[in-house]
Amino acid sequence: MDNKAFDSQRIAEGYARRPWLHKEVIEQIKKDCDIKQLKNGLDVGCGAGLSTKALKLLCERVTGTDISPEMILVCKKLYKDSSYTFYVSKAEENKIPIIPFDIITAAGVINWVDKDLFLNNAEKILNNEGLIVIYDFWITDKMNNNYEYTKWFHDDYLKMFPRPYRKEYVWKQSDLPDTFKMENSIIYELEYEFSLIEFVDFMMIQSNVNEQIKKGVLSIIEVRNWMIKSLQPIFNNKKKTIVFEGYNWYIRKKI
């Protein structure tokens, strides 16, 4: 296995162990859209399957797609129930299903796709009045009752691991074709409690960190050791609650 394949496998397996905050997002979707149960759902950019697993709480059958073969391999190992389907695909090129999808979710992927091609594909595979939910959530500089973490986040972490470029653009109705309506967009906060090692494991698969490892600036072992050493005084052998921020965009296909 070459270094690139090893790192892809490391990231895919790390994604499978991420906090399952997607479940809370699905509960928010149910509430916002007054949905109880749907038949068929598609999760675009499914990663290691946590977002697909969450969508299954809303749908009888789910399909997860991702551009990474390593991610899909992990999904197939973890979710063997016949109500799950996974295959490799770009977000803009999902197959037309036998039964159109009632909902499409896209978690943490929309910054990397071609908007027009994505919506063109979605129009073909969605039911009339089908729903697209685009969402994402990310770690912040806030830890409950601990300003030292905020200082670490800005003064140490972001200086060593600057954020890589990605498209940051909030879709509006004027960005959509006539066949879609932006019904609503919301922002929210989520919280998750980590031990020190759980938090380090989570941070090891952040895009900031992966970029520096890929460039050869630091090795995996060097990054991990630095994080444990620098965060030990902050965690002090206790679990700590980290605040995440997120958004949901609700886009409806017109009849």
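Residues numbered from 1 in each chain as written. Predicted model: local features only at pLDDT ≥ 70, side-chain atom pairs only at ≥ 80, totals over all residues. Heavy atoms only, no water.

Colleague: Go over the side chain of E92 with me, naming the residues and quoting the values.
Modeller: In this fold, E92 is placed in the loop between β3 (84–88) and β4 (101–107). Buried E92, no salt bridge; nearest opposite-charge side chain is K90, N-O distance 6.1 Å. Separated by 2.8 Å, the side chain of E92 and the backbone nitrogen of D114 make a polar contact. Not counting the four nearest positions on each side in its chain, E92 is found in contact with V113, D114, L117, F118 and N121. (Helix = DSSP H or I, 4+ residues; strand = E, 2+ residues; numbered from the N terminus. Buried < 20%, exposed > 50% of the residue type's maximum accessible area, 1.4 Å probe, protein only. Lys, Arg positive; Asp, Glu negative; His and termini not counted. Salt bridge = Lys/Arg side-chain N within 4 Å of Asp/Glu carboxyl O. Polar contact = N/O pair within 3.5 Å; in protein donor to acceptor, adjacent residues only side chain to side chain. Contact = heavy atoms within 4.5 Å.)

Colleague: Break down helix α2 (residues 22–33) for me, citing the residues and quoting the values.
Modeller: Across its twelve residues, α2 extends 16 Å between first and last C-alpha, which sits within 8% of the 16 Å expected from 1.5 Å per residue. The set of residues buried in α2 consists of H22, V25, I26, I29 and C33. All buried residues of α2 fall inside an arc of 100 degrees around its axis, so they share one side. Check the buried side of α2 and you find it contacts α3 (50–55), β4, β5 (126–143), β6 (180–194) and β7 (240–253). Downstream of α2 by one or two residues, D34 has phi in the positive range, about 55 degrees. (Expected span 1.5 Å × (residues − 1). Arc of directions from axis to C-beta.)

Colleague: I'd love a proper account of the pairing of β4, names of residues and values included.
Modeller: The buried fraction of β4 is high, at seven of seven residues. Here strand β1 (residues 38–44) pairs with β4 via four bridges, running parallel. In the sheet register, L42 faces β4, and the bridge partner there is I104. As paired strands, β4 and β5 are joined by six bridges and run parallel to one another. (Pairing = 2+ DSSP bridges.)

Colleague: Can you explain the sheet that holds strand β2 (residues 59–66)? Please cite residues and give values.
Modeller: Two modes of strand pairing occur in sheets, parallel and antiparallel, and in both the strands are linked by backbone hydrogen bonds. One open sheet accounts for seven strands, arranged β3-β2-β1-β4-β5-β7-β6; its pairing is mixed. This sheet does not close on itself; its edge strands, each paired only once, are β3 and β6. The sheet shows a mean angle of 20 degrees between the axes of neighbouring strands, taken without regard to direction. With ten bridges joining them, β5 and β7 adopt antiparallel strand pairing. The partner of V133 across the bridge, within β7, is Y250. Packed on one face of the sheet, helix α5 (residues 115–125) meets β1, β4, β5, β6 and β7 and runs near 135 degrees to β5. Here helix α7 (residues 196–203) sits on the sheet in contact with β5, β6 and β7, set at roughly 140 degrees to β6. (Axes fitted to C-alpha atoms, helices over the stretch in contact; angles between N-to-C directions.)

Colleague: Break down the environment of N237 for me, citing the residues and quoting the values.
Modeller: Relative to the assigned elements, N237 resides in the loop between α9 (220–235) and β7. Exposure remark for N237: the relative accessible area of 83% places this residue in the exposed category. In sequence terms N237 and S195 are 42 residues apart; their C-alpha atoms lie 7.7 Å from each other.

Colleague: Please give an account of the pattern of salt bridges that cites residues and values.
Modeller: Throughout the structure, instances matching the rule amount to eight salt bridges. Between D116 and K115 there is a salt bridge whose closest N-O contact spans 2.9 Å. Beyond isolated ion pairs, a larger network of salt bridges with shared partners links K142, E189 and E245.

Colleague: Tell me what's going on with the confidence of the model for the chain, and back it up with residues and numbers.
Modeller: Looking at the chain, pLDDT values average 92 and 96% of them are 70 or higher. Across residues 1–6 the pLDDT falls below 50, and counting only partners more than four positions away or on other chains, this stretch makes three contacts in the model. (pLDDT = per-residue confidence, 0-100.)

Colleague: Describe the packing of helix α6 (residues 147–160) against α9, naming the residues involved and giving the relevant values.
Modeller: Running from N to C, α6 and α9 cross one another at 165 degrees; their axes reach a closest spacing of 10 Å. Between α6 and α9, the angle is such that the two are roughly antiparallel. Note that α6 runs across α9; the crossing there is right-handed. Contacts from E148, Y149, W152, D156, Y157 and M160 of α6 reach α9 at W226, M227, S230, L231 and I234. (Parallel < 35°, antiparallel > 145°, perpendicular 65-115°, else oblique. Left-handed = near helix turned anticlockwise from the far one by under 90°.)

Colleague: Can you lay out the environment of A122 for me, pointing to particular residues and giving the numbers?
Modeller: With respect to the helices and strands, the residue A122 is situated in helix α5. A relative accessible area of 1% means that A122 is categorised as buried. Between the C-alpha atom of A122 and that of E24, which follows or precedes it by 98 residues, the distance is 24 Å. A122 has contacts with I104, I132 and F180, leaving out every residue within four places of it along the chain.

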